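Overview (structure and organization)
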Amino acid sequence: MISLLSYLCNGISLGSVYAIIALGYTMVYGIAKMLNFAHGDVIMIGAYVTFCAIQYLGLPPMVSVLLAMVACTLLGVIIERLAYKPLRQASSLAVLITAIGMSYLLQNVALLLWGSNPKSFPSVVNLGSLSFFDGQLLISGETIVTVVMNIIIMVGLTLFTGKTKMGKAMRVVAEDKGAAELMGINVNLTISITFAIGSALAAVAGVLLCSAYPTLMPTTGSMPGIKAFTAAVFGGIGSIPGAMLGGILLGVIEILGKAYISTELGDAIVFAVLIVVLLVRPTGLLGKPVREKV
Amino acid sequence: MRKASKTAVSNLITYGIVVVAYIVCQVLIENGQMTRALKGQLVPICVYVVMAVSLNLTVGISGELSLGHAGFMSVGAFAGTIASAWLLAAFQLENEVIRLILAMVVGGAAAGVAGVLIGIPVLRLRGDYLAIVTLAFGEIIRNVLNCLYISLDGARLHLGFLNPNLPGELMVNGPIGVTGIDKISTFAMGFALILFTLFVVLNLVNSRAGRAIMATRDNRIAAESVGIQVTKYKMMAFVVSAALAGMAGALYGLNFSTVTASKFKFDTSILVLVFVVLGGIGNIRGSVIAATVLTILPEVLRAFSDYRMLVYAIVLILVMLLTNSPILSNLVNRFYPRLHRRAREKGGEAA
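**Regarding the packing of aromatic side chains**
Ring pairs (aromatic) are described by centroid distance and by the angle formed between their planes. Residues and elements named next belong to chain B. Within the structure shown, the criterion is met by 16 aromatic pairs over all chains. When the ring of W86 is compared with that of F91, the centres are 5.5 Å apart and the planes differ by 85°; the resulting orientation is edge-to-face. What makes W86 partly exposed here is its relative accessible area of 30%. Connected via pairs of aromatic rings, a cluster forms that spans Y48, Y252, F256, F264 and F275.

Okay, here's the thing in structure tokens:
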């Protein structure tokens, strides 16, 4: 029973990281209608920037994280401007291949800059762990910070898209780009801002992911990235609460699957969830159905 | 005399290039002018050519981005290597050529069955979702193969999942993969497989079915409304592509003494995709040339091999931007009007 509870806690912690990454996917997918394959690698870059800032510049963790957020925001906007913006009218096949190319580019640049040896990531959380049931159930500081961050980000984004002018513009662009342009909304700026927010969140997610699983390699981001996309689809692409729900459910499923079914099959279980969801309910748990027009 | 059609001439050129390349290689080997490293690459080159051509059938002709092509290759490699060992143990089939052919048939069949099973759910999806699900299936195949244990006890095969305690000698040992493979792949057979693949794919493309597949790619709804069974033709392209990848996998597996599932990672799928994109999406001859050149280049330019994936990534992005971005293709048009016109004609033919 206690072990189940501790697996659940781990699952929620991992799921919260997935949820934060999934928010980046879901916003970009909702607005630009593209699968930003490189998102997972922006996470990795964020983690590396934090690592370097702490290790080589000796900056305090909070400042390092802020630095990583700034770096990732810039990176995200630059990627969007250089690689994705020229392809706004192109087929989804072309955009997807470009995004895959971008993902490989980031991984290989990281490989050249930082080498292939895994780096041991220092935890940025200096919070003690909570213990319950006479120390049988430990909840680490990382878990608490991750879950709290997740909730803050979710609430913040919901308020942002619901109340602010830019947030409303985002929802309009997601609905109909042409009409948004006619209403005087700067579509390109809106898409850039979306990429900026998604990438800043990716930096946070990278730091949280590496605090919980402290090996940092150029390929660190790719698997969580794909799984987070799974989470975004699971919750319903384009929906902010959906990304959070999907992320947490997926994290719990993964940890429980690894614990009770097989460690080797952990990834297979996650992907099986994706396939089942897409077949049974392609719009996800909280997504709205889209009707096809000729 | 009837004049040969444009496609027939184009196909003949493709076959011709492959035959000439094969003859040149054989002459170089006879004269001892080929380095050992390059000789070792001959079978992998054949494998990658077949992989690229078969992926082009899915991506270029059928218009669905498959990111799990290496998964089919791994199914073929495992099935082919096991079949080869079993044929030797059960029927004392010493003849290596027949054994290799049978192993490739088994590998192709296994991958084809996997293609049907995966195709049923996958082909109901579109675009990005389809791509991500093929990726997911590729990873699932890799995970499942990592948990697979098969042993050979005399002439009997024993299968275990997550359970290495099997009677007889373990052939497939979970994450360690297939060990003790009889290396029977030859360059000549690789050449034969390329010709077979080209024969299948080119004939399929220029048939009624091929035109139906391309019509479905260009406009699904329009194709459906003129009575084309969309699912059937999509499935046809997907399964043929998977089976050919399986045959290539069998050839690949029997070229090494051990094969692990981790050899067929997502990276391999992307590598093959780079061949297809660089050769020209929908252009079969381009895939053959790109796969050959991009497999030889890193061998020849050792210094380049560190930057291989980096360069491939940049190439992937640049090719996509140059062919799809209105601003950049206008720029190209201004400086090289001929190039642009040709690309446009080709695009009109293929895309």
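**Examining the environment of K232 of chain B**
Residues and elements named next belong to chain B. Structurally, K232 is set in helix α9 (residues 230-253). With relative accessibility at 43%, the residue K232 sits in the partly exposed group. In sequence terms K232 and F256 are 24 residues apart; their C-alpha atoms lie 37 Å from each other.

**Looking at the pairing of strand β2 (residues 156-161) of chain B**
Residues and elements named next belong to chain B. In terms of strand pairing, strand β1 (residues 148-153) meets β2 through six bridges, oriented antiparallel. In the sheet register, I150 faces β2, and the bridge partner there is L159. Hairpin connection, β1 to β2: the antiparallel pair is bridged by two residues, and G154 has positive phi, about 65°.

**Remarks on the pattern of salt bridges**
Residues and elements named next belong to chain A. On inspection of all chains with the given rule, the structure shows eight salt bridges over all chains. Across the pair D267 and K227 runs a salt bridge whose closest N-O atoms are separated by 2.8 Å. Here K227 lies in helix α9 (residues 222-235) and D267 lies in helix α11 (residues 266-280), a separation of 40 residues in the sequence. The same class applies to D267 and to K227, which are both buried. E254 serves as the salt-bridge partner of K258, at 3.2 Å between the closest nitrogen and oxygen. Of this pair, K258 and E254 both sit in helix α10 (residues 240-260), four residues apart, which is roughly one turn of the helix. What you see here is one network of salt bridges that share partners, running through K227, E254, K258 and D267.

**Quick notes on the confidence of the model for chain B**
Caution is warranted with low-pLDDT regions, since their predicted coordinates should not be read in detail. Residues and elements named next belong to chain B. Mean pLDDT for chain B: 86, with 93% of residues reaching 70 or above. Here helix α14 (residues 337-350) stands out as the least confident element of chain B, with mean pLDDT 50; α9 is the most confident, with 95. Per-residue pLDDT stays below 50 along residues 346-351; that stretch engages in six contacts with residues further than four places along the chain or on separate chains.

**Points about the layout of surface pockets**
Counted as a void, the second largest pocket has a volume near 820 Å³. T219, T220, S222, M223 and P224 of chain A are the residues nearest the centre of the second largest pocket, which is lined by 34 residues in total. Those elements giving two or more residues to the lining of the second largest pocket turn out to be α1 (2-32), α2 (39-55), α4 (92-114), α9 and α10 of chain A together with α5 (127-146) and α10 (266-279) of chain B. The biggest single contributor to the lining of the second largest pocket is α9 of chain A, with seven residues. Its residues placed into classes, the lining of the second largest pocket shows 17 nonpolar, eight polar and nine charged.

**Focus: the nonpolar core**
F37 of chain A together with L65 and L67 of chain B are the most contacted members of the largest nonpolar core, which has 203 residues in total. Top contributing element to this core by residue count: helix α2 (residues 36-61) of chain B, with 15 residues. Not counting residues up to four positions away in its chain, the partners in contact with F37 of chain A are Y25, L96, A99, I100 and S103 of chain A together with L67, I132, L135 and F266 of chain B.

**Some words on the interface of chain A and chain B**
Facing the 43 residues of chain A at the interface are 42 residues of chain B. In total, about 3800 Å² of surface goes out of reach between chain A and chain B, with carbon and sulfur atoms giving 79% of it. Applying the counting criterion to the chain A and chain B interface returns zero salt bridges. Taken together, chain A and chain B are joined by one residue pair in polar contact (both at pLDDT 80 or more). When contributions to the side of chain A that touches chain B are tallied by element, the ones reaching two or more residues are α3 (61-84), α4, α9 and α11 of chain A. Ranked by the residues each element gives to the side of chain A that touches chain B, the list is headed by α4 of chain A, at 14 residues.

**Quick word on the confidence of the model for chain A**
Across chain A, the average pLDDT comes to 87, with 98% of residues at 70 or higher. Taken element by element, the predicted model of chain A shows its lowest mean pLDDT in strand β2 (residues 130-132) of chain A (75) and its highest in α3 of chain A (93).

**What about a positive patch on the surface?**
Residue and element names in this part refer to chain A. Taken together, the side chains of K163, K168, R171 and K288 define a basic patch exposed on the protein surface. With respect to the helices, strands and loops of the structure, K168 is situated in helix α6 (residues 165-175). By relative accessible area, which is 40% here, K168 ends up partly exposed.

**Digging into the environment of V95 of chain A**
All names here are of chain A. As for its placement among the helices and strands, V95 is situated in helix α4. By relative accessible area, which is 11% here, V95 ends up buried. Separated by ten residues in the primary sequence, V95 and K85 place their C-alpha atoms 9.7 Å from one another. The residues touching V95, leaving out its near neighbours within four places in the chain, are M34, L87 and A90.

Parameters at a glance
- Residues numbered from 1 in each chain as written.
- Chains lettered and ligands numbered in written order.
- Predicted model: local features only at pLDDT ≥ 70, side-chain atom pairs only at ≥ 80, totals over all residues.
- Heavy atoms only, no water.
- Phe/Tyr/Trp six-rings, centres within 6.5 Å; stacked < 30°, edge-to-face > 60°.
- Buried < 20%, exposed > 50% of the residue type's maximum accessible area, 1.4 Å probe, protein only.
- Helix = DSSP H or I, 4+ residues; strand = E, 2+ residues; numbered from the N terminus.
- Pairing = 2+ DSSP bridges.
- Salt bridge = Lys/Arg side-chain N within 4 Å of Asp/Glu carboxyl O.
- pLDDT = per-residue confidence, 0-100.
- Contact = heavy atoms within 4.5 Å.
- 1 Å grid on protein atoms, 1.4 Å probe; cavity = no way out; pocket = protein on both sides within 12 Å on 5 of 7 lines; lining within 4 Å.
- Points joined across faces, edges and corners; volume = space filled by probe spheres on them.
- Nonpolar A, V, L, I, M, F, W, Y, C, P; charged D, E, K, R; others polar.
- Core = buried A, V, L, I, M, F, W, Y, C linked by side-chain atoms within 4.5 Å.
- Buried area = accessible area lost by both parts, 1.4 Å probe.
- Polar contact = N/O pair within 3.5 Å; in protein donor to acceptor, adjacent residues only side chain to side chain.
- Patch = residues over 30% accessible without salt bridge, like charges linked within 9 Å, V, L, I, M, F, W, Y side chains within 5 Å.
- Areas by Shrake-Rupley, 256 points an atom, 1.4 Å probe, with all protein chains shown as cover.
- Lys, Arg positive; Asp, Glu negative; His and termini not counted.
- Charge placed at Lys NZ, Arg CZ, Asp CG, Glu CD.

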